[in-house]
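Now for the letters of each chain:
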Amino acid sequence: LDYYEEIRKKPIKMLMTREIAQHFGREIYLKTTVKEILIYASFLIVLCLVVLEVPSFDVYMFTSSMANIFVYNGFHSRLEVDLQYKDINTIEHVWEYLDHIIDIFEEDSFFPKAKLTDEDRDETTLTEIHENNLIGLPRLRSVRVKNSSCEIVREMKTQSNNTACFGYFSSTQEDTVAFGKKLGTVWNYSSPDVTGLHTVFGTVGTYGGGGFYVDCPKSGRKFKTLLVVLKRHKWIDRAT
């Protein structure tokens, strides 16, 4: 009885409700009422934010369609293996993926020269592309790591063919020196002020808005020619 009497005199305020507080005086009752009002108001605010953040059905369908085309759509590698975007882990896979993306879209769909009517479209046409206007050119951009971004063990330094060492990418180890043909923005570094891009937070690193970039041509054939040139001059290598 003494224990319960002590609890009655000094109740646990965090667990107290208005029904309980009314037995401990008006002051405690008012404080408990204000506390519950604040809790309910906070709950309503969080609930409204969660509901308003839910994307619309149109946004969901468009995002899902783009993901199915660019991320989950499989492509065939030279080793006769079917891969997806998430399976890319070699330089050759990157070029095969880009070739596959161009092959998906015919020139009259990915690079439309004129608006197509419903009669011109068939069931195999990518309606997600036809129902939207291309307001900007696709851009390829890469960032590079310095050759001295990691430490080489002493035993390996004696071998001239193993002196290159490329570590993980970071803003302090980013390479901004021109390479390859050293012509144009694709071979010369451009700052974020020039590219107009913001920082990208990736899974294994954070990438700034600068880099080596090229705006893709408006023609599918020219796009393929551009990829051939970039691959021939090793635009993507160990430093990428």
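As recorded in an unreviewed UniProt entry, the protein chain goes by Polycystin domain-containing protein and comes from Graphocephala atropunctata. What UniProt records for the protein chain under Sequence similarities (unreviewed entry) is the sentence "Belongs to the polycystin family." Looking at the Subcellular location (unreviewed entry) heading of the UniProt record, one finds this comment for the protein chain: "Membrane".

Enquirer: What is the right way to look at the overall build of the protein chain in this model?
Expert: Looking only at helices and strands, one finds ten helices and six strands in the protein chain. Per-residue burial for the protein chain yields a buried fraction of 25% across its 240 residues. Surface exposure of the protein chain reaches about 17900 Å², of which carbon and sulfur atoms provide 58%.

Enquirer: I'm lost on helix α10 (residues 220-232) in this one. Help?
Expert: An α-helical turn contains 3.6 residues, so a residue and the one three or four places further along point in the same direction. Counted at 1.5 Å a residue, the expected span for α10 with its 13 residues is 18 Å, and the 18 Å between its end C-alpha atoms agrees. Downstream of α10 by one or two residues, Lys234 has phi in the positive range, about 60°.

Enquirer: Could you clarify how one ought to interpret the packing of aromatic side chains in this entry?
Expert: For any pair of aromatic rings, the description consists of the separation of the ring centres together with the inter-plane angle of the planes. Evaluation of the coordinates by the stated rule reveals six aromatic pairs. Taken together, a centroid distance of 5.2 Å and an interplanar angle of 25° make the contact between Phe169 and Tyr207 stacked. Linking Phe169 in the loop between α8 (154-157) and α9 (192-195) with Tyr207 in strand β5 (residues 206-207), this pair joins segments that are 38 residues apart in sequence. The exposure class assigned to Tyr207 is partly exposed, which follows from its relative accessible area of 23%. Taking the centre distance of 5.8 Å and the plane angle of 75° together, the rings of Tyr189 and Phe212 count as edge-to-face. Remark: Phe212 occurs in strand β6 (residues 212-215) and Tyr189 occurs in the loop between α8 and α9; sequence separation between them is 23 residues. Tyr189 gets classed as partly exposed once you look at its relative accessible area, which sits at 26%. Three or more aromatic residues joined by ring pairs form one cluster here, namely Phe179, Trp187, Tyr189 and Phe212.

Enquirer: Where do I start with a nonpolar patch on the surface in this structure?
Expert: On the surface, Phe43, Leu44, Leu47 and Val51 cluster together to form a nonpolar patch covering roughly 400 Å² of accessible area. Secondary-structure assignment places Leu44 in helix α3 (residues 26-53).

Enquirer: Would you take a moment to explain the pattern of salt bridges for this structure?
Expert: With the rule as written, the count across this model stands at three salt bridges. Lys231 serves as the salt-bridge partner of Glu92, at 3.1 Å between the closest nitrogen and oxygen. Of this pair, Glu92 sits in helix α5 (residues 91-104) while Lys231 sits in helix α10, and the two are 139 residues apart along the sequence. Judged by its relative accessible area of 27%, Glu92 falls in the partly exposed class. Taking the shortest distance from any N to any O, the salt bridge between Asp237 and Arg144 comes out at 3.0 Å. Residue Asp237 is located in the segment after α10, and its partner Arg144 is located in the loop between β3 (139-142) and α8; the two are separated by 93 residues in the primary sequence. Its relative accessible area of 6% is what places Arg144 among the buried residues.

Parameters at a glance
- Residues numbered from 1 in each chain as written.
- Predicted model: local features only at pLDDT ≥ 70, side-chain atom pairs only at ≥ 80, totals over all residues.
- Heavy atoms only, no water.
- UniProt positions renumbered as here; feature names shortened; annotations may be inferred.
- Helix = DSSP H or I, 4+ residues; strand = E, 2+ residues; numbered from the N terminus.
- Buried < 20%, exposed > 50% of the residue type's maximum accessible area, 1.4 Å probe, protein only.
- Areas by Shrake-Rupley, 256 points an atom, 1.4 Å probe, with all protein chains shown as cover.
- Expected span 1.5 Å × (residues − 1).
- Phe/Tyr/Trp six-rings, centres within 6.5 Å; stacked < 30°, edge-to-face > 60°.
- Patch = residues over 30% accessible without salt bridge, like charges linked within 9 Å, V, L, I, M, F, W, Y side chains within 5 Å.
- Salt bridge = Lys/Arg side-chain N within 4 Å of Asp/Glu carboxyl O.

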